[in-house]
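Each chain is listed here by its residues.
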Amino acid sequence: MDASWLEQLSQVRTTRVKDYLVAIKGIDAGRVFISGKVSNEETEEKSKPVSAVKFELTD
Amino acid sequence: MSKNVSSEKGEKAALAIAGSFDGGGAFSFAGDLEPLDFRNYSSLKLDLSSFDLSATAPYWRKYLGRGLDKGMLNVEASFDINENILDGANGIMIDQLTLGEKVESEDSLGLPIGLAVAILKDRQGKMELPPLKLSGDLEDPSISISGIVMKALDNIIVKIATSPFSILGGLGGGSGDEDLSTVLFAVGQTDLNANLQSQLDKMAKILEERPGLKVDLSSTIDEAPEIQLFQRILISNKALEIQSGIARSSDPIALLKSYSAASYEENAIAVYRDLMGIPDPTMEETIAGVPEAPVAIQPSKEAPAEEPTKKGLLGSVGSFIKKVAGAKPEDSADAPVTPDTTEVVTSEDAPEVVVELPPFDEIEARLLAEEAF
């Protein structure tokens, strides 16, 4: 149940960000992708995990 | 054209060269230098305009692993050499650069050229590279001018690809210093508030100004507080189910919308009472066998010596009931009739049972341990 909750939370957040860019700001939907990746970010020892949607630019 | 050419050491000569290319474009090269030892002293400026890059396509395939369909190069550069030390700066603008297919090349430098182009190329098809600084000691045998240029280009392309927002930040209309790559959400937050919308507006502006860019969205989660919130939502939901007797939605996102942090403690106590079989005083229930005996529940301000177990607490209440009804406790005729966690207050009309609840953190821990939701 916890995993399902975290997945849903992630999905809702990324979808809302995409919808805002596409539906409100008019960015072509073909330029905004959702990777679906969920990770508890701890890239650096001292970094605190955060709840966030991250952008990765691609060509 | 050159003037004042002398073979004397230390003498400088003026240089001015201009020309054009077959495929279009022009250049000029001007300044002064020591003609017999340009490494000792040179100060030159180069202007190159509309140089057709398609002639360089073989080099793109070899070193960058990409074909080149078209592009026009414009350069404004200055070079100063004093006693073998090179110090130069370039302004480079490439117009209508169009990359071709990816190609395999053993000599490829592996640079993310496609991403760099997408980041730099604006809506008019112009790419202005960040200032390219050239410096080095030409006396050092391991250093060559071409090596310095390649290293500087490598640094620029890698920086563009690895820290794109440091290049693009200013396009969004902000200071350029803020981190646009991460949209932070508070625990349980799913709506885009004004702050998040403002950040996304800047991202949209960048995408508008850079039509070759795409964006991949991924999510990260700070699991501990998000899971804690989820458990509280479920506990609150359970309380509402107990109250209404009707099963509610199990969709976590729907439950999130109706969750009230302000009511959580009250709801958790309600679920605890249900779990432990402690009657709700607001229901004005009477305990079987104890006519007109109201039961008041009172959260404790201090932790009891031991947390009451379900059996223990219910047993205590049961013992009290039996005493009032004139029966003996189950376990022993000598067993105390007043449990640790129960106070008995009597009045002339009816006895009142005051059950002390444990501190709230213990109540919450118990609910989580029992998964009472």
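Each remark here, short or long, concerns the structure printed above.
Engineer: Could you clarify how one ought to interpret the interface of chain B and chain A in this entry?
Structural biologist: Where interface size is given, it is often the accessible area lost as the parts come together that is meant. On the chain A side, the residues contacting the 37 residues of chain B number 37 residues. Secondary-structure elements contributing two or more residues to the side of chain B that touches chain A are α2 (113–120), β9 (182–184), α5 (194–209), β10 (214–220), α6 (223–244) and α7 (252–258) of chain B. Per element, the largest residue contribution to the side of chain B that touches chain A is seven residues, and it comes from β10(B). Here strand β2 (residues 52–58) of chain A pairs with β10(B) via seven bridges, running antiparallel. Residue pairing for β10(B): E56(A) is matched across the bridge by D216(B).

Engineer: When you look at α6(B) in this model, what are you seeing that I'm missing?
Structural biologist: Every α-helix carries 3.6 residues per turn, so stepping three or four residues along brings you back to the same face. Residue and element names in this part refer to chain B. For α6, spanning 22 residues, the distance from its first C-alpha to its last is 31 Å, which sits close to the expected 32 Å at 1.5 Å a residue. Listed in full, the buried residues belonging to α6 are E226, F230, R232, I233, L234, I235, S236, N237, K238 and A239. Downstream of α6 by one or two residues, G245 has phi in the positive range, about 75 degrees.

Engineer: Hey, could you run me through the packing of helix α8 (residues 264–276) of chain B against helix α10 (residues 360–370) of chain B in this one?
Structural biologist: Any two packed helices are characterised by how steeply their axes cross, that is the angle between the axes, and by the distance between the axes. Residue and element names in this part refer to chain B. Where α8 contacts α10, the axes come no closer than 10 Å and their chain directions differ by 60 degrees. Between α8 and α10, the interaxial angle falls into the category oblique. Judged by the sense of rotation from one axis to the other, the crossing of α8 with α10 is left-handed. Contacts from E265, A268, I269, V271, Y272 and L275 of α8 reach α10 at F360, I363, E364, R366, L367 and E370. Counted by class, the contact of α8 with α10 contains eight nonpolar, no polar and four charged residues.

Rules of the game
Throughout this document, residue positions are counted from 1 along each chain, in the order its sequence is written. In the order they appear in the text, chains get letters beginning with A and ligands get numbers beginning with 1. Totals for whole chains, interfaces and linings use every residue, but because this is a predicted model, local features are given only for residues with pLDDT of at least 70 and side-chain atom pairs only at 80 or more, for both listing and counting. Remark: residues whose backbone-derived C-beta atoms lie within 7 Å of one another are considered to be in contact. The helix and strand labels rest on DSSP assignments: H or I over at least four residues marks a helix, E over at least two residues marks a strand, and numbering proceeds from the N terminus. DSSP calls a pair of strands paired once it identifies at least 2 bridges connecting them. Under the convention used throughout, the expected extent of a helix is 1.5 Å for every residue step, that is, one less than its residue count. Labels follow a simple rule on C-beta atoms placed from the backbone: if 20 or more others lie within 10 Å of a residue's own, it is buried; if 12 or fewer, it is exposed; otherwise it is partly exposed. Each axis is a line fitted through C-alpha atoms, taken for helices only over the stretch in contact, and angles between the N-to-C directions span 0 to 180 degrees. Note that the term roughly parallel is reserved for angles under 35 degrees, roughly antiparallel for angles over 145, roughly perpendicular for angles of 65 to 115, and oblique for everything else. Left-handed describes a crossing whose near helix is turned anticlockwise from the far helix by less than a right angle; the clockwise case is right-handed. Gly counts as polar in this scheme, as do all residues outside two lists: the nonpolar Ala, Val, Leu, Ile, Met, Phe, Trp, Tyr, Cys and Pro, and the charged Asp, Glu, Lys and Arg.

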